[in-house]
Amino acid sequence: MTKTYTRDYWNSALDGLKLEGRHFIGGEHRTAASGETFTRIRPMDGKPGAELARGTTVDIDAAVASARAAFESGVWRKKEPLEKKKIMLRWAELIRAHGEELAMLETLDVGKPVLASLNVDVRLCADGIQYYGEMIDKLYDEIAPTGPNARALVRKVPLGVIGAITPWNYPMIIDAWKLGPAIAAGNSVVLKPAEQSSLSAIRLASLAVEAGLPAGVLNVVTGYGEEAGKPLALHMDVDMIAFTGSTEVGKLIMGYAAQSNVKRVALELGGKSPLVVFEDADLDAAASAVAWGCFYNSGETCHASTRLLVQRSVQDKLIAKIEALTKSDIALAHPFEPSAQIGALIEEAHMQKVLRMIAVGEKEGARRAFGAEQVLSETGGYYISPGVFVDMTNDMSLARQEIFGPVLAAIPFDTEEEALRLANDTIYGLAGAVFTKDMDRAHRFSEEIHAGTVWINTYDMSNFATPFGGFKQSGFGRDRSVHAIDKYCDYKTIWQQFG
Ligand code: NAP
């Protein structure tokens, strides 16, 4: 029987919810060495939420030492692959079994609808851990073709200690994208979640130990980027930083790697993805893809379709369809409301930044078609309605900067050449899409858009089997798929001479 989730249901679940805000190091919760904490303000109503340990260099040192000890002992990397697989599958099952609790933690932290947290974020997190768990006993090494008198084994070996630094927009999903392949490959991890979204990370780590992951293999240090993220990225005993976040901080991470031990870095960064609609396209399908692609998760999505490039002859028709669909299908409401499709923005400062960007855009001449206004302020939370600006040019700030709010920039074009030039006229290269019934053009376009993922007549289809990541200043390295394992491994060649 399917459960009915009401606002009252979540309110009473909140009453009994434990908000664990301490670090997780060496298999146990620990307060910050300094004893300091910080308060997370809930985006849904502006009320104080969890108290979190304010991690600094000392806590990072302890977590790295714990991760290093677990790695060197071989307690995880040398375990039978079948055993490791069973532990990761148990972990995935525990995530599912604690789905409602994790969904609540995620929603309290980030303000997205709790049903989205449950049905999308928790589900994809568990699926990700399962995907990499299942891979563990299916990975083979190689023998190089060196001739009959010698044998050279080409082994794929784990790197050691991975520092994972993650953002707040899809915390559990992105944590799974890092933890799944890094741990499946035999590494130990120190995870520094975004200061806004630590609760689910702490709980994921304690569930991992409950599933049988040896203490020290997965550690979580909470805190601010400058105080906890930076010492992790500068640490001399960390072998790699797997980072997802802004391009600005991604550049700092590269610098920290260079200043310290030349550790590897993998960077999943920002985006300003173009969605190109030609006049022959199915405009209903395009409108739905644009609206959901840009407004889902309140626009706080790295690959959101924030730049609509639309052939001039159909601009008005398409915008009218987007407006109708947004108003009928994409309900903005308190995250506990079952009807909510989108909820609050991450914090007040971010909402104010989005509102300022909108104001600057209007000064530059962007014309508001609808929405993009602060709403539900009586809740105390941070909400902006989905909105569209039209008749824009690609040099306006709303078309160039990552807004990370529910704001679409519509830019008209006349020819295919112009559309392609505009699509690629961005520092980013995370994703893109083309809508047309002309399949030759669709394939030409998908080849020429410089982006890690391109969709044809759809948007945001994804699957663990497909790599995800960017070109240009959207970063390098890929999350998801079998290829993600590679970045957490190195090759070791072992020679043996015969006779
Ligand atoms: P952010 O400000 O770059 O922060 C990301 C992480 O880095 C957080 O844990 C942050 O900690 C930490 N950090 C900040 N300054 C640091 C420093 N000096 N040294 C080390 N770590 C530091 O990004 P965000 O605002 O959380 O997330 C939004 C961004 O992520 C957007 O640009 C979005 O496009 C990108 N993103 C990309 C992908 C992808 O797959 N390409 C996916 C999701 C999001 P604090 O939170 O404490 O500052």
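Bear in mind that the values here come from a model prediction, so they are computed numbers and not experimental data. (Residues numbered from 1 in each chain as written. Predicted model: local features only at pLDDT ≥ 70, side-chain atom pairs only at ≥ 80, totals over all residues. Heavy atoms only, no water.)

### Structural notes on the UniProt feature "active site" (unreviewed entry) in the chain
Part 1 of the reasoning: UniProt feature "active site" (unreviewed entry): in the numbering of this structure it lies at Glu268.
Part 2 of the reasoning: Relative to the helices and strands, Glu268 is located in strand β11 (residues 264-268).
Part 3 of the reasoning: If we ignore the near neighbours within four places in the chain, the residues touching Glu268 are Lys178, Phe243, Thr244, Gly245, Phe468, Gly469, Gly470, Ser474, Gly477, Arg478, Asp479 and Lys487. (UniProt positions renumbered as here; feature names shortened; annotations may be inferred. Helix = DSSP H or I, 4+ residues; strand = E, 2+ residues; numbered from the N terminus. Contact = heavy atoms within 4.5 Å.)

### Some points on helix α6 (residues 171-184)
For an α-helix, the turn length of 3.6 residues means that residues three or four places apart are oriented alike.
Part 1 of the reasoning: Across its 14 residues, α6 extends 19 Å between first and last C-alpha, which sits within 8% of the 20 Å expected from 1.5 Å per residue.
Part 2 of the reasoning: Most of α6 sits inside the fold, with 14 of its 14 residues counted as buried.
Part 3 of the reasoning: A positive phi of about 105° marks Gly186, the residue just after α6. (Expected span 1.5 Å × (residues − 1). Buried < 20%, exposed > 50% of the residue type's maximum accessible area, 1.4 Å probe, protein only.)

### Section: the site of the ligand
Part 1 of the reasoning: The ligand sits among 33 residues. The nearest are Glu195, Gly225, Ser246, Leu269 and Glu402.
Part 2 of the reasoning: Within the side chain of Glu195, a nitrogen or oxygen atom sits 2.6 Å from an oxygen atom of the ligand.
Part 3 of the reasoning: Side-chain polar atom of Glu402 to an oxygen atom of the ligand: 2.5 Å apart, as the coordinates give it.
Part 4 of the reasoning: Protein contacts shield 91% of the accessible area of the ligand, which totals 900 Å² for the unbound molecule.
Part 5 of the reasoning: Contributions of two or more residues to the shell around the ligand are made by α8 (225-234), β10 (240-244) and α9 (247-259).
Part 6 of the reasoning: Of the residues that constitute the shell around the ligand, the class distribution is 17 nonpolar, 10 polar and six charged.
Part 7 of the reasoning: If you count residues domain by domain, the shell around the ligand takes at least three from each of domain 1 (7-269 + 475-493) and domain 2 (274-456). (Near = heavy atom within 4 Å. Polar contact = N/O pair within 3.5 Å; in protein donor to acceptor, adjacent residues only side chain to side chain. Areas by Shrake-Rupley, 256 points an atom, 1.4 Å probe, with all protein chains shown as cover. Nonpolar A, V, L, I, M, F, W, Y, C, P; charged D, E, K, R; others polar. Domains from an automatic or database assignment.)

### Quick notes on unusual backbone geometry
Part 1 of the reasoning: Positive phi, normally seen in glycine, also occurs at Asp391, with a value near 55°.
Part 2 of the reasoning: The residue Asp391 is located in the loop between β17 (387-390) and α13 (397-400) in this model.

### Quick look at the pairing of β11
Part 1 of the reasoning: Buried residues dominate β11, accounting for four of its five residues.
Part 2 of the reasoning: Pairing between β10 and β11: five bridges, direction parallel. Across the sheet, residue Ala242 finds its bridge partner in β11, namely Ala266.
Part 3 of the reasoning: Between the parallel elements β10 and β11, the chain passes through α9 in a crossover that is right-handed.
Part 4 of the reasoning: Sheet topology note: the β11/strand β23 (residues 475-476) ladder contains two bridges and is antiparallel. The residue bridging Leu267 from the neighbouring strand is Phe476, located in β23. (Pairing = 2+ DSSP bridges. Right-handed = clockwise from strand over helix to strand, strands pointing away.)

### Remarks on the sheet that holds strand β20 (residues 431-435)
Part 1 of the reasoning: Across the sheet, seven strands lie side by side as β14-β17-β18-β13-β12-β20-β21; this open sheet has mixed pairing. Since the sheet does not close on itself, it has two edges, and those belong to β14 (367-370) and β21 (453-456), each with one partner. Strand after strand, the sheet turns through a mean of 25° between neighbouring axes, direction not considered.
Part 2 of the reasoning: Across four bridges, β20 lies against β21 in parallel orientation. The residue of β21 that forms the bridge with Ala433 is Trp455.
Part 3 of the reasoning: Helix α10 (residues 283-295) contacts β12 (274-277), β13 (307-311), β17, β18 (407-413) and β20 of the sheet and is inclined by roughly 140° relative to β18. (Axes fitted to C-alpha atoms, helices over the stretch in contact; angles between N-to-C directions.)

### A closer look at the domain arrangement of the chain
Part 1 of the reasoning: Taken domain by domain, the chain comprises domain 1 (7-269 + 475-493) and domain 2 (274-456).
Part 2 of the reasoning: Between the C-alpha centres of domain 1 and domain 2 the distance comes to 31 Å.
Part 3 of the reasoning: At the boundary of domain 1 with domain 2, total buried surface from both sides reaches about 2,300 Å², with 58% on carbon and sulfur atoms.
Part 4 of the reasoning: For the domain 1 face of the interface with domain 2, the top three residues by lost area are Arg7, Met44 and Trp168, together amounting to 27%.
Part 5 of the reasoning: In this structure, the connection of domain 1 to domain 2 is made through two salt bridges. (Buried area = accessible area lost by both parts, 1.4 Å probe. Salt bridge = Lys/Arg side-chain N within 4 Å of Asp/Glu carboxyl O.)

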